[in-house]
Amino acid sequence: MRGIVVVGNGMAGSRLVSEVRARDKKARVTVFGAEERAPYNRVLLSNVLAGTTRADQVRLHGPSWYADHDVTVHLGTEVVAIDRETRCVITGDGRRTPYSVLVLATGSEPVVPAVPGAERAIAFRTMDDCERILAAAKASRRAVVIGGGLLGVEAARGLAGRGLPVTLLHLKGHLMDRQLDHEAGQVLGDTLAGLGVEIMTGVTVTGITEGKVELTSGHVEADLVVAACGVRPVTTLAHDAGLHVERGIVVDDEMRTDDPAIFAVGECAQHDGQVYGLVAPCWEQAAIVADLITGADARARYRGSRLVTRLKAKSVELAAMGETHLTDADAEIVRFTHRRGGTYRKLVIRDGRLVGAILVGDPATVGTLTQLFDRGGPLPADRAGLLFPSLSGAAPVSPSPVRMPDAAQVCRCNNVTKGQIRACWEAGARDVAAVAAATRATTGCGSCAETVGGIVEWLCEQEGASA
Amino acid sequence: MAPLPEGTATHCPYCALQCGMHVTPLEIGQVEIDQVEITPRDDVPANQGGLCQKGWTAGALLRSPHRLTTPLVHGKPVGWDEALGYAAARIARIQDVHGPDAVAVFGGGGLTNEKAYQLGKFARVALRTSQIDYNGRFCMSSAAAATNRAFGLDRGLPFPVTDLAEAGAVLLAGGNVAETMPPFVRHLNPAGLIVVDPRETATARLAALHLQNAPGTDLALALALLHIAIADGHVAEEYVAARTTGFDAVRDSVSAWWPERAERVTGVPVAGMRRAVAMLAEAGNAVILTGRGAEQHAKGTDTVTAYINLALTLGLPGRRGSGYGCVTGQGNGQGGREHGQKADQLPGYRKIDDPAARAHVAAVWGVDPADLPGPGRSAYELLDALGTPEGPKALLLFGSNPVVSSPRSGHVAGRLAALDLLVVADLVLSDTAELATVVLPTAQWAEEAGTMTNLEGRVLLRRRAVAPPSGVRSDLEILSGLADRLGRGGVFPDDPRTVFDELRRASAGGVADYSGITYEKIADQGGVFWPCPADDHPGTPRIFLDRFPTPDGRARMVAVDHRPPVEDVDADFPYYLTTGRLLAHYQSGAQTRRVADLTEAAPQPFLELHPDLADHLGIRPGDLVRVTGRRGVTEATARISAAIRADTVFLPFHWEGPNRLTNPALDPVSRMPEFKVCAVNLAVVGGGR
């Protein structure tokens, strides 16, 4: 019997299966995963490397999930071909599985630096990679991470956190150059340096030898080399099946390939010229495809994603979103730098909307700014309030009895103003109990007792002073 | 006239805290004047001598000029015989033509246990209709569904409220107790208080930590908190192994909710989430509480489930000084959901589709189990069906004001108007009573006896302190009178104690077992916690200490996932609307809007919005603003405050208007509407004064 067949059980594939099941309890679903493991959350591997999350805490579905949800799963099974004519996928052992709808979620694979000795480096992509790195780290004295992008920074920070001296090598002039401007990259570098990561930017690796990473000039000693040099979409299966493939498998707004029975989601897919490497877009795509193939929402369309990069590294707060490279010539830029304090904040505003931001060393405003970026909400005329929320709308500090106006409400529970307490005092009340008896102030939640006491005391002092 | 008792010890007419108070009729010489004095009782743990303004002024409604003292038929004053006779004849005719389900009953969470019980029995025995539900569906149903699923039992707080003082940390998700039940704050330690709310409410200002999430994202936040708790090694391994099932699947499910992802969805900084988890995990004793803010969503049951999962992972429920609880809202929100005014339920928290439950209750009622109707429509579905070809043609309404309090209220008012017969029992001419064919004036609170079950599950005695005005009848008398005229006389006593004794028998052996509770025991013990299954049983202040009342004795953890609000913001409706309560008013305001001190404190609805949003739209303080949504429009004066998120506006719902906009999308399990988030647009219609 034909059904939905999913090739790939990583972040996108496993998500797609869950999303299909959430919408349709009956559809026949078969999923093939090249890894032997039950699907896990790849995003959390940096945390596993850093030791802040245990390996058994990143699983997305346990072994029993598939039986419980009536999904057929083939783990450790590679699909080697698609027979579009008969609508079947073919696995390595020659078995054919027919499909009515096929979803390709083949993901991507790490780019290995094309230098001699590259095989000595361990990529950082899978749980197996993560375990190899951790095993090697135990026996290592110095580590090098090649590639100062998001993943490389997280890996370097994680290894340094385990007490291993780490050098982070980056080809470009500053770290995370795709997301950050130069100054932000510098602040990030400073922060990492303070956490024990040696940073070398603008360097090209020419080879890896026993105990060394060779550079164009000089070398860095290392007995553990981790390669985080980016990824490329895995498209061979699609290409061999004759589907339209450019950098990724080309899909339309329904995430459909040029074969209407075949969809592609996640890092292997190319939508509107864009291949996404972050999980949020992959999961948005999975939800769209699930809507379409279960019939839950036949009008669901993918229109691209807003990109937010949020570093997960202990003691390094960093978020970058949208168009961070624009300058004053193209947009309104609001910027605050305090390099010594590890802080850099930049907002990029166009047509009154937040279209980009970089936040380094600033955990408090990330949530608010991300939502403004995602939803295009109105910005305050005073832009400083966005960078420093405490400047605007700060809760007023509890006013002193002297400066509080008579109309100020002191007891919320019984709607008693300072003026009423004063009147009550003038009528003879000289302590909190007497004020409470007359006005009911303090008799609700009780949290104004101190303020009422302060007012009574102040009035008594005034009396003493004027007597 | 017999002398009235002096200084009657009773409880407040309003919220679920049921503060103890003395009600004393004032006399000049030997002559009673039309006033009572109210003083707080310090022998009641819930309020410990405190009262809020609502409680202090509760006496004002006893002799209010707004009281109804004569029945109305088509707006004309008539005698009781005529009113009851007319209503009964119309009911009988409608049922003759359209069948028993053509007459529906709608109750309330403010009714005493006796009334709630009698209303359910009246529907099933006198009317034989399946069509009964109540406004508690809009209040407690999500928490009730989630706690039943997890613990096998739903009692708002499974421990005395005073236990909160033993908790080093309390997380309150979506509750504003400093306004809704101020004396509750006396039980909280501000240094350990964490409040989750889109607004910096009076309660949030008291707290050590405020997580200001976007409306409709409580579930994502709860999942991320659990993710952090697991990653940071706070799993109570032994407890989880010994007292729960389902942990592995829950752990796997929250691996998808790492905090940075939740930050983008909720707007809550990761650092705040981490601090909240650390506070809960390191406190020794900790309590997680949910309120309507987290519960009144189409995913409310799952949100509460996620918080229960967090509590269970930390090993809190069933440990003294720790646990999970929900903060019940209405005065008898607890008892009101136990004794059969819910569509799917029979007394004692029994399920109406359980053959053993039907047999037990039918025996108490002296009817054939086969004659008991099955489950009916839930509250909104019932209101939505009124006057439609398939729906009820008549409605009997007690203790509720759905024209103000139901979601999509403009539509609901239309459905009520489409009925052949609307009978409303109330003490004032409420917004809904104004639409009624027959209005029956009722006694209230201090004018009649009965029991209330407060937010702790403690059954309390409400005593008669004053005589009702002449011309009004109690709800029990009304039901009795209608039953007589419907040919079901003799089995609907109008004496509260007699009804309670029958309720005890009906609840015996059920989950909420009241069989060992008597008025005397309540008076002696200062309240009795259910379950209390025998005459010599003292009641159960702390449930779950040894086991959970599930088949295997373990709490059930259920994996849940977040989804966005049913109606998210878009270009046409770019702002979130959330609604809530003010200190000076209670529920639909039918009572409190008729108390002068309270209307002075909060005279009219307002729209709270952030200064950035106000600037953007050119709204100044005091401007009249039109709030437009997909289901309706309302207007309110602007109140500008940085206490609210810039993407969200707030309306208090105590007046007719705000609920015209709210979304009736229902939770699939609890049938709770999505009151707390919908999308709106704003426009200035007039300048401020």
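The rules behind these values
- Residues numbered from 1 in each chain as written.
- Chains lettered and ligands numbered in written order.
- Predicted model: local features only at pLDDT ≥ 70, side-chain atom pairs only at ≥ 80, totals over all residues.
- Helix = DSSP H or I, 4+ residues; strand = E, 2+ residues; numbered from the N terminus.
- Rg over C-alpha atoms; globule rule 2.2 N^0.38 Å.
- Buried ≥ 20, exposed ≤ 12 C-beta atoms within 10 Å, placed from the backbone.
- Contact = placed C-beta atoms within 7 Å.
- Domains from an automatic or database assignment.
- Pairing = 2+ DSSP bridges.
- Axes fitted to C-alpha atoms, helices over the stretch in contact; angles between N-to-C directions.
- Parallel < 35°, antiparallel > 145°, perpendicular 65-115°, else oblique.
- Left-handed = near helix turned anticlockwise from the far one by under 90°.
- Nonpolar A, V, L, I, M, F, W, Y, C, P; charged D, E, K, R; others polar.
- Core = buried A, V, L, I, M, F, W, Y, C linked by C-beta atoms within 7 Å.
- pLDDT = per-residue confidence, 0-100.

1. Describing the overall build of chain A
When its secondary structure is counted, chain A shows 13 helices and 28 strands. Against the compact-globule benchmark of 23 Å for 467 residues, chain A has a radius of gyration of 30 Å, which places it well outside the compact range. The buried share of chain A, reckoned over its 467 residues, is 47%. Counting contacts in chain A only where the partners sit at least 6 residues apart, residues at least 24 apart contribute 60% of the total.

2. Here's the deal with the overall build of chain B
When helices and strands are tallied, chain B shows 22 helices and 30 strands. Radius of gyration (C-alpha) of chain B: 24 Å, near the 26 Å computed for a compact globule of 689 residues. Dimensions of chain B, computed from C-alpha atoms along their principal axes, come out at roughly 65 × 65 × 60 Å. Scored against the burial criterion, the 689 residues of chain B give a buried share of 65%. Considering only residue pairs separated by 6 or more positions, chain B has 72% of its internal contacts joining residues 24 or more positions apart.

3. As for the domain arrangement of chain B
All names here are of chain B. You can read the domains of chain B as domain 1 (8–61), domain 2 (72–135 + 334–447 + 466–493), domain 3 (141–331) and domain 4 (575–686). Using only C-alpha atoms to locate each centre, domain 3 and domain 4 end up separated by 26 Å. Listed per partner, the contact involves 24 residues of domain 3 and 24 residues of domain 4. At the level of secondary structure, the elements contributing two or more residues to the side of domain 3 that touches domain 4 comprise helix 4 (141–151), helix 5 (177–180), helix 12 (292–295) and helix 13 (300–313). Broken down by element, the side of domain 3 that touches domain 4 gets its largest block of residues, four residues, from helix 4.

4. Details of the environment of Ser322(B)
Mapped onto the fold, Ser322(B) is located in the loop between helix 13 and strand 13 (323–326). Beyond its immediate chain neighbours, meaning those up to four positions away, Ser322(B) contacts Ala167(B), Asn285(B), Ala286(B), Val287(B) and Leu316(B).

5. What to know about unusual backbone geometry
Residue and element names in this part refer to chain B. Looking along the chain, the bond that leaves Trp-530 and enters Pro-531 is cis, with omega of 0°. With respect to the helices, strands and loops of the structure, Pro-531 is situated in the loop between strand 21 (528–529) and strand 22 (555–556). Here Gln-48, not a glycine, exhibits a phi torsion of approximately 45°, which is positive. Counting through the fold element by element, Gln-48 comes out in the loop between strand 3 (31–40) and helix 1 (53–56). By C-beta crowding, Gln-48 is classed as partly exposed, having 18 other C-beta atoms within 10 Å. If you check the backbone angles, Arg-671 has positive phi at about 65° while not being a glycine. In this structure, Arg-671 sits in the loop between strand 28 (663–666) and strand 29 (673–674).

6. Some thoughts on the domain arrangement of chain A
Partitioning chain A into domains gives domain 1 (4–109 + 232–294), domain 2 (118–229), domain 3 (317–391) and domain 4 (409–466). The straight-line distance from the C-alpha centre of domain 2 of chain A to that of domain 4 of chain A is 65 Å.

7. Some words on the pairing of strand 30 (residues 678–686) of chain B
All names here are of chain B. Note: strand 23 (residues 575–580) against strand 30, three bridges, orientation antiparallel. Residue pairing for strand 30: Tyr-576 is matched across the bridge by Ala-679. Pairing geometry for strand 25 (residues 624–629) and strand 30, over six bridges, is antiparallel. Each bridged residue has a counterpart across the sheet, and for Gly-629 the counterpart in strand 30 is Val-680.

8. A short note on the interface of chain B and chain A
With 46 residues of chain B in contact, the opposing surface of chain A contributes 41 residues. Secondary-structure elements contributing two or more residues to the side of chain B that touches chain A are helix 1, helix 6 (202–206), helix 7 (218–231), helix 9 (247–254), helix 10 (259–266), helix 11 (270–282) and helix 22 (611–617) of chain B. Looking at the side of chain B that touches chain A element by element, the count peaks at five residues for helix 22 of chain B.

9. Some remarks on the packing of helix 4 of chain B against helix 13 of chain B
Residues and elements named next belong to chain B. Following both chains from N to C, one finds helix 4 and helix 13 inclined at 50°, their axes separated by 8 Å at the closest point. Comparing the axis directions of helix 4 and helix 13 gives the class oblique. Considering the relative orientation of helix 4 and helix 13, their crossing is right-handed. Each of Ser-142, Ala-143, Ala-145, Ala-146, Arg-149 and Ala-150 in helix 4 lies in contact with helix 13, whose residues at this interface are Gly-300, Thr-301, Val-304, Thr-305 and Ile-308. Looking at side-chain class alone, the contact of helix 4 with helix 13 contains six nonpolar, four polar and one charged residues.

10. As for the nonpolar core
By size, the foremost hydrophobic cluster in this structure holds 339 residues, and its most contacted members are Val226(A) and Val265(A). Excluding residues within four positions of it along the chain, Val265(A) makes contact with Ala12(A), Leu16(A), Val103(A), Ala105(A), Met255(A), Cys282(A), Gln285(A), Ala286(A) and Val289(A). By size, the runner-up hydrophobic cluster in this structure holds 28 residues, among which are Tyr575(B), Leu613(B), Val625(B) and Val677(B).

11. Digging into the sheet that holds strand 6 (residues 96–98) of chain A
Residue and element names in this part refer to chain A. Ordered in space as 4-5-6, the three strands form an open sheet in which the pairing is antiparallel. At either margin of the open sheet sits one strand with a lone partner, and together these are strand 4 (79–83) and strand 6. On average, each strand axis in the sheet is inclined to that of its neighbour by 25°, with strand direction left out of account. As paired strands, strand 4 and strand 5 (residues 88–91) are joined by four bridges and run antiparallel to one another. Note on strand 5: the bridge partner recorded for Asp-83 is Cys-88.

12. Quick notes on the confidence of the model for chain B
When pLDDT is averaged along chain B, the result is 96; 98% of the residues meet or exceed 70. Prediction confidence for the complex, expressed as pTM and ipTM, is 0.95 and 0.91 respectively.

13. Thoughts on helix 4 of chain B
Residue and element names in this part refer to chain B. Here helix 4 lies mainly inside the structure; 11 of its 11 residues are buried. Taken together, the buried positions of helix 4 are occupied by Ser-141, Ser-142, Ala-143, Ala-144, Ala-145, Ala-146, Thr-147, Asn-148, Arg-149, Ala-150 and Phe-151. Looking at the buried residues of helix 4, the elements they touch are strand 12 (286–290), helix 12, helix 13, strand 13 and strand 22. Of the residues flanking the end of helix 4, it is Gly-152, one or two places downstream, whose phi is positive at about 80°.

14. What to know about the sheet that holds strand 20 (residues 269–271) of chain A
Residues and elements named next belong to chain A. Read from one edge of the open sheet, three strands run 18-20-21, paired in mixed fashion. Two strands close off the open sheet at either side, each with one partner strand: strand 18 (249–251) and strand 21 (274–275). With three bridges joining them, strand 18 and strand 20 adopt parallel strand pairing. Bridged to Ile-249 within strand 20 is Ala-269.

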